[in-house]
Amino acid sequence: MTITLRNQAVVGVMLLVIFNAATIGLIWRAKTASLAGSAGVEQHFAVLKDDVIPLGTAIKSVQIDVIQVQQFLQDISATRGQDGLDSGFEEAAKFAEKFAADTAKARSIAVRLGLDDMRDKIDATAATFADFYAVGRRMAEAYVEGGPPAGNKMMPEFDERSESMGSAMEALLTTRDGMIDATTMRIGEDVEEVKKTIAGTATLTSAAAALATVGLLLAALAFLRFVVRPIGGLTG
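Keep in mind the model is a prediction, meaning the values are calculated, not measured.

**Section: the overall build of the chain**
Reasoning step 1: A tally of helices and strands in the chain yields 3 helices and 0 strands.
Reasoning step 2: Shown N-terminal to C-terminal, the secondary structure of the chain runs as helices and strands in the order α-α-α.
Reasoning step 3: Counting across all 236 residues of the chain, residues that qualify as buried make up 31%.
Reasoning step 4: Counting contacts in the chain only where the partners sit at least 6 residues apart, residues at least 24 apart contribute 79% of the total.
Reasoning step 5: In the form shown here, the chain has an accessible surface area of approximately 14000 Å², with 62% of it arising from carbon and sulfur atoms.

Below, the structure is given as structure tokens:
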């Protein structure tokens with residue numbers, strides 16, 4: 001059966017189209033995989049920047065607030081407000097208010113992230129602080145009004161509240177550290193996936209280039225065999 005020049009040309013064009021389509025498909029697949037990996041890294045970095053770091057910072061501020069409240073209450077207990085050293089209650093109250101603001105901020109972020117354990121730890125810390133601050137203030141007032149005989153009677157209760165406060169803060173900080181570790185671990189895993197994707201993209205791109213080259217060679221051979229040679233035979 002004789003193949004016409006027209007049919008021969010059509011076959012050559014079809015081969016070229018098929019190989020080009022396969023090449024485009026490989027490149028598209030490589031691009032899609034690369035974008036997917038990059039999106040995962042970008043998402044986790046956004047969570048780290050916008051939520052995890054602010055949450056960790058807020059919890060650290062909570063810890064500092066507790067330390068400052070305790071320090072100022074102990075200072076006013078020691079000085080009894082004498083010789084102008086009477087700012088302890090006011091300063092302690094300022095940090096108690098800051099504690100409320102910092103815990104509210106931390107809780108809001110924890111709820112937004114769906115960190116139920118973190119939210120519960122923040123609530124427990126806030127509840128423990130309420131007792132810690134109330135007892136500490138009463139103790140300081142006892143020292144100011146009645147001196148060591150009155151204040152010392154309340155010291156064991158305040159020590160107990162301080163210990164509870166320390167335990168609550170330790171649990172909260174441990175939960176915070178676990179959250180940060182989990183987030184950085186996910187980012188590390190995403191980066192590894194991106195590395196694999198880049199390697200896979202390079203392989204697919206090389207395969208696409210090779211396929212395109214083969215397609216062009218086959219198309220050129222087909223053109224020589226089915227077009228150039230027949231024409232040469234007619235003119236020869």
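**Some remarks on the nonpolar core**
A general trend in soluble globular proteins is that nonpolar side chains are found buried together.
Reasoning step 1: The biggest cluster of nonpolar side chains holds 37 residues, and the ones touching the most others in it are Met118 and Phe129.
Reasoning step 2: At the level of secondary structure, the elements contributing two or more residues to this core comprise helix 1 (5-79), helix 2 (88-113) and helix 3 (116-235).
Reasoning step 3: Considering each element in turn, this core owes the most residues, 19 residues, to helix 3.
Reasoning step 4: Setting aside chain neighbours within four positions, we find phenylalanine 129 in contact with Val66, Val69, Ala96, Phe99 and Met165.

**Considering helix 2**
Reasoning step 1: For helix 2, with 26 residues, the first-to-last C-alpha span of 37 Å sits near the 38 Å given by 1.5 Å per residue.
Reasoning step 2: Buried within helix 2 are the following residues: Gly88, Phe89, Ala92, Ala96, Phe99, Asp102, Thr103, Ala106, Ile109 and Ala110.
Reasoning step 3: Positive backbone phi, approximately 75 degrees, marks glycine 114, located one or two places after helix 2.

**With respect to the environment of isoleucine 76**
Reasoning step 1: Along the polypeptide, isoleucine 76 turns up in helix 1.
Reasoning step 2: Put simply, isoleucine 76 and glycine 88 are 12 residues apart on the chain and 4.9 Å apart in space, counted from C-alpha to C-alpha.
Reasoning step 3: With residues up to four places along the chain from it excluded, the contact list for isoleucine 76 reads Gly81, Leu85, Asp86, Gly88, Phe89, Ala140 and Val144.

**Details of the side chain of threonine 103**
Reasoning step 1: Structurally, threonine 103 can be placed in helix 2.
Reasoning step 2: Of the residues examined, threonine 103 reaches a relative accessible area of 10% and is grouped as buried.
Reasoning step 3: Residues within four places of threonine 103 in sequence aside, it is in contact with Val62 and Ile122.

**Quick word on the pattern of salt bridges**
Reasoning step 1: All told, the structure shown has 15 salt bridges when counted by the stated rule.
Reasoning step 2: Lysine 94 serves as the salt-bridge partner of glutamate 90, at 3.9 Å between the closest nitrogen and oxygen. You can see glutamate 90 and its partner lysine 94 sitting in helix 2, 4 residues apart, about one turn around the helix.
Reasoning step 3: Relative accessible area serves as the criterion here: at 49%, glutamate 90 is assigned to the partly exposed category.
Reasoning step 4: Its salt-bridge partner being arginine 138, residue glutamate 157 comes within 3.8 Å of it at the nearest N-O pair.
Reasoning step 5: Taking relative accessible area as the criterion, glutamate 157 reaches 29% and is therefore assigned partly exposed.

**Some words on the packing of aromatic side chains**
Reasoning step 1: Inspection of the entire model under this criterion finds 5 aromatic pairs.
Reasoning step 2: Judged by centre distance (6.0 Å) and plane angle (45 degrees), the ring pair of phenylalanine 129 and phenylalanine 132 falls under tilted. Taken together, the residues phenylalanine 129 and phenylalanine 132, both in helix 3 and 3 residues apart, mark about one turn of the helix.
Reasoning step 3: Look at phenylalanine 129 and you get buried, because its relative accessible area is 5%.
Reasoning step 4: For the pair phenylalanine 129 and tyrosine 133, a centre-to-centre distance of 5.9 Å together with 10 degrees between the ring planes defines the contact as stacked. Of the two residues, phenylalanine 129 and tyrosine 133 are both situated in helix 3; the distance of 4 residues between them amounts to about one turn of the helix.

Parameters and conventions
- Residues numbered from 1 in each chain as written.
- Predicted model: local features only at pLDDT ≥ 70, side-chain atom pairs only at ≥ 80, totals over all residues.
- Heavy atoms only, no water.
- Helix = DSSP H or I, 4+ residues; strand = E, 2+ residues; numbered from the N terminus.
- Buried < 20%, exposed > 50% of the residue type's maximum accessible area, 1.4 Å probe, protein only.
- Contact = heavy atoms within 4.5 Å.
- Areas by Shrake-Rupley, 256 points an atom, 1.4 Å probe, with all protein chains shown as cover.
- Core = buried A, V, L, I, M, F, W, Y, C linked by side-chain atoms within 4.5 Å.
- Expected span 1.5 Å × (residues − 1).
- Salt bridge = Lys/Arg side-chain N within 4 Å of Asp/Glu carboxyl O.
- Phe/Tyr/Trp six-rings, centres within 6.5 Å; stacked < 30°, edge-to-face > 60°.

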